[in-house]
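Chain by chain, the residues:
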2 protein chains.
Amino acid sequence: MSKTLSASDFRFFETLFHPRSIAVAGVSENVRRPGGAFFQNLIDCGYKGKLYPVNIKGGSFGKLEIFRHVTDIPCPVDLVIVSIPRDGVRELMRDCAAKRVKSVQIFSAGFGELGDKEGKQLEQDILVEAKKGGVRIVGPSSIGIGCPASGMPLAPEGFLGEPGDVAFLCQSGSISLELVQVCTRRGIGLSKAVGTGNSIDLDTTDFLPYLAADDKTKAIALYLEGSRESPLLFRLIEDISKEKPVLLWKGGRSEAGQRVVSSHTASQPSPSPRWKALARSSGAVWVESLYEMTDTLLAFKKVGSFRGEDVAVVSGLANGGGGTGIAAVDTLVAAGLSVPRFSGVVRGELQSLLGRVGSILDNPLDVSQAVRNPDKIEKAMMLAAGEPNIGLILLHENLYTLLRWLDREQLLAMNRRFIEVSRRLKKPLVVILPREMVESQSLELEQELCRNGIAVFPSAERAAKALANVAGYYKRRSRYTLT
Amino acid sequence: MSKTLSASDFRFFETLFHPRSIAVAGVSENVRRPGGAFFQNLIDCGYKGKLYPVNIKGGSFGKLEIFRHVTDIPCPVDLVIVSIPRDGVRELMRDCAAKRVKSVQIFSAGFGELGDKEGKQLEQDILVEAKKGGVRIVGPSSIGIGCPASGMPLAPEGFLGEPGDVAFLCQSGSISLELVQVCTRRGIGLSKAVGTGNSIDLDTTDFLPYLAADDKTKAIALYLEGSRESPLLFRLIEDISKEKPVLLWKGGRSEAGQRVVSSHTASQPSPSPRWKALARSSGAVWVESLYEMTDTLLAFKKVGSFRGEDVAVVSGLANGGGGTGIAAVDTLVAAGLSVPRFSGVVRGELQSLLGRVGSILDNPLDVSQAVRNPDKIEKAMMLAAGEPNIGLILLHENLYTLLRWLDREQLLAMNRRFIEVSRRLKKPLVVILPREMVESQSLELEQELCRNGIAVFPSAERAAKALANVAGYYKRRSRYTLT
């Protein structure tokens with residue numbers, strides 16, 4: 001497959017993520033075993049295509065008879081999920097080639113990542129067999145292809161996620177699953193998800209051109225421990241970054257991490273400082289943890305491009321906002337954003353509105369004097385956010401304190417007003433909600449805000465990093481556009 | 001008061017944190033107003049001493065008659081909490097002096113922090129009146145003195161916390177309250193807590209010698225925006241750090257943050273790079289956020305001094321541990337800790353135990369192959385943690401995946417085995433528990449682990465920073481001890 005995407009390549013990937021039929025090899029009635037779990041999960045997640053259980057030993061799965069061979073299936077098969085011991089994979093691949101299966105996803109492990117001759121040889125043999133029938137391979141040692149819109153979950157654990165517009169390609173199964181988990185919790189929906197595993201055939205550089213062309217994908221997140229073709233990888237990232245953000249998290253940045261990379265995904269370890277430099281110059285968004293990745297995805301989705309890098313900080317809901325506001329400013333500035341003074345006129349108006357005593361009437365703005373007066377808080381926010389240079393409002397709310405002064409309904413009503421302010425001024429609102437001691441109330445409010453397009457972070461530190469990543473991306477992109 | 005602590009100074013502070021009687025000035029029956037809230041909270045939190053409500057307007061609080069003046073109270077008063085408009089504070093102070101009250105804590109705001117002549121003058125007048133009767137002042141603009149063992153909560157919101165051995169001095173009310181909130185959630189108990197506010201009399205440098213001498217306090221956390229006496233401050237920190245850790249978080253590190261510091265606590269802003277250098281050379285533990293501060297306190301409490309800086313990373317519970325383990329290693333190494341290879345012997349034994357396929361049999365160790373076999377996992381952990389150079393075990397568990405394979409009881413039983421391994425080997429165990437999607441189950445397990453002395457963090461990044469802070473402190477201290 002060439003790295004520029006032909007129409008037939010595009011159709012191939014469309015079928016990979018929206019297969020009309022799937023066979024699972026290695027199914028037994030025991031759904032605690034991976035094969036049975038894969039099969040049951042497809043049913044549970046609402047996969048709409050045809051499903052065929054396969055096992056060399058035969059038997060049945062519920063009312064379904066299990067096919068002994070893929071070649072026994074009487075209809076065409078788009079995708080085969082392989083969950084059998086590694087020694088049977090070569091023969092299975094022969095069947096898939098004979099059956100003209102379009103793709104296989106190999107969950108089975110014990111190949112190149114073992115680092116011995118036998119594992120490498122097995123991979124080669126499988127590739128040869130697959131090529132005979134034009135079968136493409138995802139994996140081995142891959143948790144597979146996920147697509148919430150198709151009802152296709154990842155892994156025997158059956159992680160589906162919500163449909164949405166973020167795609168990820170991830171060399172690690174465990175990180176893929178944590179990504180789905182955190183994305184689901186934070187309201188980040190997924191278009192496509194791939195655990196690439198050992199990538200003996202289809203690799204990150206094959207998927208990227210498709211994800212670039214896929215109009216259901218608005219942002220791409222990568223976790224990579226290495227690449228066989230890093231010059232190509234960074235060329236692709238550079239191209240795509242002009243249109244959609246590509247987030248890159250490199251696993252094995254430390255020597256100690258690199259040491260085990262090869263026994264994990266059989267990747268050639270890649271030196272991290274070089275990757276970081278390549279990422280920067282290609283326009284990728286460099287992230288260094290799962291939380292930085294998901295926070296940044298959330299900021300891309302809910303905040304997007306905000307004008308300039310000037311933030312208005314509003315605190316004091318409800319425990320006196322001084323220190324909290326100052327701490328938020330410190331962390332925003334450290335991340336590269338700016339928190340400029342308000343104009344004299346606005347500072348004067350804030351003083352008449354809130355009174356001098358117990359208030360900080362600048363940026364950061366402390367509204368604690370008005371905690372039981374939502375009208376005043378709304379006006380104060382309008383004044384702060386109305387400053388022409390301000391591109392974004394960062395609001396710190398502490399429910400543990402707020403709920404001592406307001407009941408649940410008053411709290412929600414107040415937050416609806418904040419949403420309105422943000423809409424009226426067309427300036428994104430970002431809310432910091434510490435979760436401690438108020439886990440369930442915090443979750444409820446977070447989901448309500450999220451439904452209304454507001455990004456919520458558990459700390460100012462995490463918000464600052466994500467917002468700076470997003471601002472940096474759009475700054476670089478505008479330079480591209482100008483030159 | 002001298003900065004070296006005399007016996008009478010010590011007694012003074014003992015009485016401040018364990019007063020036999022408290023009067024609250026500004027009490028009305030409305031417990032939504034600060035005065036009434038302070039009074040009601042002392043009752044609700046189980047304060048055992050005598051309580052007197054005071055209000056110039058008289059009236060009653062429940063069945064209690066409100067005294068019009070402090071001087072009307074027929075018994076001695078150790079502490080007066082002042083929650084009246086600022087213009088009445090001078091006269092109230094005259095009464096307190098006449099009554100020979102030991103200390104007052106002024107919640108009222110509108111003094112030096114306003115930055116005008118009038119506010120400064122008021123502060124001076126109050127000081128003069130107080131000195132006439134030997135009355136010491138906390139504040140003004142202070143949320144006060146907290147001591148869970150005495151049933152004394154902070155602020156009108158009544159934040160008490162659990163009794164324990166961490167003391168904090170905090171120039172910000174909002175940050176004090178978030179500290180109590182997060183500490184309570186994480187199982188960090190408090191010995192003493194002070195919101196110092198404008199510190200016109202008793203300042204951080206007055207409290208520190210007492211906290212150094214207080215055997216109920218094992219660690220001290222400071223949030224400071226500035227200090228009138230920074231040379232003394234850092235001399236004190238240097239002395240104390242030889243015995244107990246002092247954590248220092250400086251508010252107003254950025255220029256934008258500094259700008260508002262003076263209108264917050266009337267502090268002289270202090271340049272942050274200089275403070276950071278002074279903190280380092282004085283042996284303080286420098287932290288830069290609320291979460292870094294509480295994470296580090298937790299690590300001091302639960303982990304303490306661990307031998308060397310060598311960490312064994314165990315992952316694979318339960319979603320394949322490769323990427324998660326590598327990511328944890330990257331973050332530990334970036335924080336300055338080390339994750340060395342296991343010996344050939346141990347790697348060999350791990351292979352016989354777990355099998356090669358699908359495993360990473362080194363440090364990090366992936367135990368995912370044995371997820372339903374707690375015996376094997378326990379043995380693997382014994383092998384990894386038994387390596388002589390390993391000082392600490394970092395275990396990554398993901399309940400969202402684990403609970404697909406185990407029920408709640410099995411999960412708790414497995415974790416009890418991990419606690420046993422840690423005890424048997426006398427090597428601290430640190431557990432990473434992502435909270436997303438499993439908030440309540442995660443909280444339950446966290447509390448169970450916490451009760452058994454195990455530190456739990458929501459991410460490897462946060463654990464790594466905290467552990468590196470703790471390791472750095474003990475390294476510096478051992479150098480002190482040697483020279």
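Quick notes on the rules
- Residues numbered from 1 in each chain as written.
- Chains lettered and ligands numbered in written order.
- Predicted model: local features only at pLDDT ≥ 70, side-chain atom pairs only at ≥ 80, totals over all residues.
- Heavy atoms only, no water.
- Least-squares fit on C-alpha atoms with pLDDT ≥ 70 in both.
- Contact = heavy atoms within 4.5 Å.
- Salt bridge = Lys/Arg side-chain N within 4 Å of Asp/Glu carboxyl O.
- Helix = DSSP H or I, 4+ residues; strand = E, 2+ residues; numbered from the N terminus.
- Buried < 20%, exposed > 50% of the residue type's maximum accessible area, 1.4 Å probe, protein only.
- Pairing = 2+ DSSP bridges.
- Axes fitted to C-alpha atoms, helices over the stretch in contact; angles between N-to-C directions.
- Parallel < 35°, antiparallel > 145°, perpendicular 65-115°, else oblique.
- Left-handed = near helix turned anticlockwise from the far one by under 90°.
- Nonpolar A, V, L, I, M, F, W, Y, C, P; charged D, E, K, R; others polar.
- Patch = residues over 30% accessible without salt bridge, like charges linked within 9 Å, V, L, I, M, F, W, Y side chains within 5 Å.
- Areas by Shrake-Rupley, 256 points an atom, 1.4 Å probe, with all protein chains shown as cover.
- Lys, Arg positive; Asp, Glu negative; His and termini not counted.
- Charge placed at Lys NZ, Arg CZ, Asp CG, Glu CD.
- Phe/Tyr/Trp six-rings, centres within 6.5 Å; stacked < 30°, edge-to-face > 60°.
- Lys NZ or Arg CZ within 6 Å of the ring centre and 35° of its normal.
- Buried area = accessible area lost by both parts, 1.4 Å probe.
- Polar contact = N/O pair within 3.5 Å; in protein donor to acceptor, adjacent residues only side chain to side chain.
- pLDDT = per-residue confidence, 0-100.

*Asks:* Can you walk me through the relation of the copies chain A and chain B in this structure?
*Replies:* Note on the copies: chain A fits chain B at an RMSD of 0.0 Å, the axial shift is 0.0 Å, and the rotation between them is 180°. The superposition operator between the copies reduces to a two-fold rotation axis. Closest approach to the rotation axis among the C-alpha atoms of chain A is made by E439 of chain A, whose C-alpha sits 3.7 Å away. When the interface residues of chain A are mapped onto chain B, 100% of them again fall at the interface, so both copies present the same face.

*Asks:* It is not clear to me how the pattern of salt bridges should be interpreted in this structure. Could you clarify?
*Replies:* Close approach of charged atoms allows side chains with opposite charge to pair. If you walk through the whole model with that rule in mind, you get 58 salt bridges over all chains. One salt bridge connects R186 of chain B with E446 of chain B, and the closest N-O pair in it is separated by 3.8 Å. In this pair, R186 of chain B is assigned in helix 5 (residues 173–186) and E446 of chain B in helix 16 (residues 439–451), connecting sequence segments 260 residues apart. E446 of chain B shares its class with R186 of chain B; the two are buried. Via salt bridges that share partners, R185, R186, D295, E446 and R462 of chain A together with E439 of chain B belong to a single interconnected network.

*Asks:* Help me understand the pairing of strand 16 (residues 392–397) of chain B in this model?
*Replies:* Along any regular strand, the residues point their side chains to alternate faces of the sheet. Residue and element names in this part refer to chain B. Of all six residues that make up strand 16, six are buried, and the element is covered over most of its length. Residues of strand 16 alternate between two faces, with L392, L394 and H396 on one and I393, L395 and E397 on the opposite face, all of them buried. Note that strand 14 (residues 311–317) and strand 16 share five bridges and pair parallel. Bridge pairing in strand 16 places V313 opposite L394. Relative to strand 17 (residues 429–432), strand 16 is paired through four bridges, and the arrangement is parallel. Its bridge partner being in strand 17, L395 is matched across the sheet by V431.

*Asks:* How should the packing of helix 13 (residues 374–386) of chain A against helix 15 (residues 408–425) of chain A be read in this particular structure?
*Replies:* In helix packing, the relevant descriptors are the interaxial angle and the interaxial distance, both defined with respect to the helix axes. Residue and element names in this part refer to chain A. Taken N-terminus to C-terminus, the directions of helix 13 and helix 15 make an angle of 25°; their axes are 10 Å apart at the nearest point. The orientation of helix 13 relative to helix 15 falls into the category roughly parallel. As for how helix 13 packs across helix 15, the hand of that crossing is right-handed. In this structure, helix 13 uses P374, D375, I377, E378, M381, M382, A385 and G386 to contact helix 15, whose residues at the interface are M414, R417, F418, V421, R424 and L425. Among the residues forming the contact of helix 13 with helix 15, the class breakdown is nine nonpolar, one polar and four charged.

*Asks:* So what exactly am I meant to see when it comes to helix 3 (residues 89–99) of chain B here?
*Replies:* Since the α-helix advances by 3.6 residues per turn, residues separated by three or four positions end up pointing in the same direction. Residue and element names in this part refer to chain B. Buried within helix 3 are the following residues: V89, L92, M93, D95, C96, A97 and K99. On the buried face of helix 3, the contacting elements are strand 1 (21–25), strand 5 (79–82), strand 6 (103–106), helix 4 (117–132) and strand 7 (136–138). Just past helix 3, the residue R100 takes up positive phi, approximately 60°.

*Asks:* Is there a simple way to explain the environment of R477 of chain B in this structure?
*Replies:* All names here are of chain B. Here R477 is to be found in helix 17 (residues 460–482). On the basis of relative accessibility, which here comes to 24%, the residue R477 falls in the partly exposed class. On a C-alpha basis, the gap between R477 and S150 in space is 33 Å, while along the polypeptide they are 327 residues apart. Leaving out residues up to four positions away in the same chain, R477 has contacts with S241, K242, E243 and K244.

*Asks:* Got a minute to help me understand a positive patch on the surface in this structure?
*Replies:* Side chains of R32, R33 and K57 of chain A together with R372 of chain B sit close together on the surface and give a patch of like positive charge. In this structure, R33 of chain A sits in the loop between strand 1 (21–25) and helix 2 (34–44).

*Asks:* Got a minute to help me understand the packing of aromatic side chains in this structure?
*Replies:* Aromatic ring pairs are defined here through the distance separating the ring centres and the angle between the ring planes. According to the stated counting rule, one finds 30 aromatic pairs over all chains in the structure shown. Both rings, one in F13 of chain A and one in Y210 of chain A, keep their centres 5.2 Å apart while their planes meet at 20°; by these two values the pair is stacked. You can see F13 of chain A sitting in helix 1 (residues 7–17) and its partner Y210 of chain A sitting in helix 6 (residues 204–213), a full 197 residues away along the chain. Judged on exposure class, the residue F13 of chain A and its partner Y210 of chain A are both buried. Ring geometry for Y473 of chain A versus Y474 of chain A: centroids 5.1 Å apart, planes at 75°, classification edge-to-face. Y474 of chain A sits in the partly exposed class, given a relative accessible area of 22%. We note K250 of chain B situated over the ring of W275 of chain B; from NZ or CZ to the ring centre the distance is 5.5 Å.

*Asks:* Before we go on, may I ask you to explain the interface of chain A and chain B in this structure?
*Replies:* Frequently, the measure chosen for interface size is the accessible area that the parts lose on association. The interface of chain A with chain B comprises 75 residues on the first partner and 76 residues on the second. Carbon and sulfur atoms supply 55% of the area buried between chain A and chain B, which totals about 6,100 Å² over both sides. Joining chain A to chain B, the criterion identifies six salt bridges. The residue D330 of chain A makes a salt bridge to R253 of chain B at a minimum N-O spacing of 3.6 Å.

*Asks:* Could you clarify how one ought to interpret the sheet that holds strand 13 (residues 285–287) of chain A in this entry?
*Replies:* Strand pairing in a sheet relies on backbone hydrogen bonds, with the paired strands running either antiparallel or parallel. All names here are of chain A. Strand order in the open sheet made by the six strands is 8-10-9-11-12-13, with mixed pairing throughout. Here the strands that pair on one side only, and so sit at the sheet edges, are strand 8 (144–146) and strand 13. Averaged over neighbouring strand pairs, the angle between their axes works out to 20° when direction is ignored. Of the pairings in the sheet, the one linking strand 9 (residues 163–170) to strand 11 (residues 219–224) comprises five bridges and is parallel in character. Its bridge partner being in strand 11, C170 is matched across the sheet by Y223. Sitting on the sheet, helix 7 (residues 230–241) is in contact with strand 11 and strand 12 (246–250), with an inclination near 145° to strand 12.

*Asks:* Explain the environment of K99 of chain B here, please?
*Replies:* Residue and element names in this part refer to chain B. The residue K99 is located in helix 3 in this model. Between the C-alpha atoms of K99 and C75, which are 24 residues apart in sequence, the distance is 9.5 Å. If we ignore the near neighbours within four places in the chain, the residues touching K99 are V70, T71, I73, P74, C75, P76 and V77. One polar contact links the side chain of K99 to the main-chain carbonyl oxygen of C75, over a distance of 2.9 Å.

*Asks:* Would you mind showing me how to read the sheet that holds strand 13 (residues 285–287) of chain B here?
*Replies:* All names here are of chain B. In spatial order, the strands read 8-10-9-11-12-13; together these six strands make up an open sheet with mixed pairing. Of all strands in the sheet, those with a lone pairing partner are strand 8 (144–146) and strand 13, marking the two edges. Taken pair by pair, the neighbouring strands of this sheet meet at an average axis angle of 20°, ignoring direction. Pairing analysis gives five bridges linking strand 11 (residues 219–224) to strand 12 (residues 246–250), with the strands arranged parallel. Bridging across to strand 12, I220 finds its partner in V246. With respect to the sheet, helix 6 (residues 204–213) is in contact with strand 9 (163–170), strand 10 (190–195) and strand 11, its orientation differing from that of strand 11 by roughly 170°.

*Asks:* Would you mind showing me how to read the packing of helix 6 of chain B against helix 7 (residues 230–241) of chain B here?
*Replies:* Residues and elements named next belong to chain B. Packing of helix 6 against helix 7 leaves a shortest axis separation of 10 Å and a crossing angle of 10°. Here helix 6 lies roughly parallel to helix 7, going by the angle between them. Residues T204, T205, L208, P209 and A212 of helix 6 pack against L232, L233, L236, I237 and I240 of helix 7. In terms of residue class, the contact of helix 6 with helix 7 is built from eight nonpolar, two polar and no charged.

*Asks:* How should I be thinking about the confidence of the model for chain A in this particular structure?
*Replies:* Per-chain confidence: chain A averages 93 in pLDDT, with 96% of residues scoring 70 or above. For this predicted complex, the interface confidence score (ipTM) comes to 0.94, while the overall pTM stands at 0.96.

*Asks:* Before we go on, may I ask you to explain the environment of E238 of chain B in this structure?
*Replies:* All names here are of chain B. When you line up the elements, E238 lands in helix 7. Residue classification places E238 among the partly exposed residues on the basis of a relative accessible area of 31%. Through-space distance from the C-alpha of E238 to that of A279 is 8.6 Å; in sequence the pair is 41 residues apart.

*Asks:* Even after reading the chapter, I still don't get the side chain of N41 of chain A, so can you show me in this structure?
*Replies:* All names here are of chain A. Assignment of secondary structure puts N41 in helix 2. Within the structure, N41 has its side chain in polar contact with the backbone oxygen of P156 (distance 2.6 Å). If sequence neighbours within four positions are ignored, N41 has contacts with P153, A155, P156, E157 and G158.

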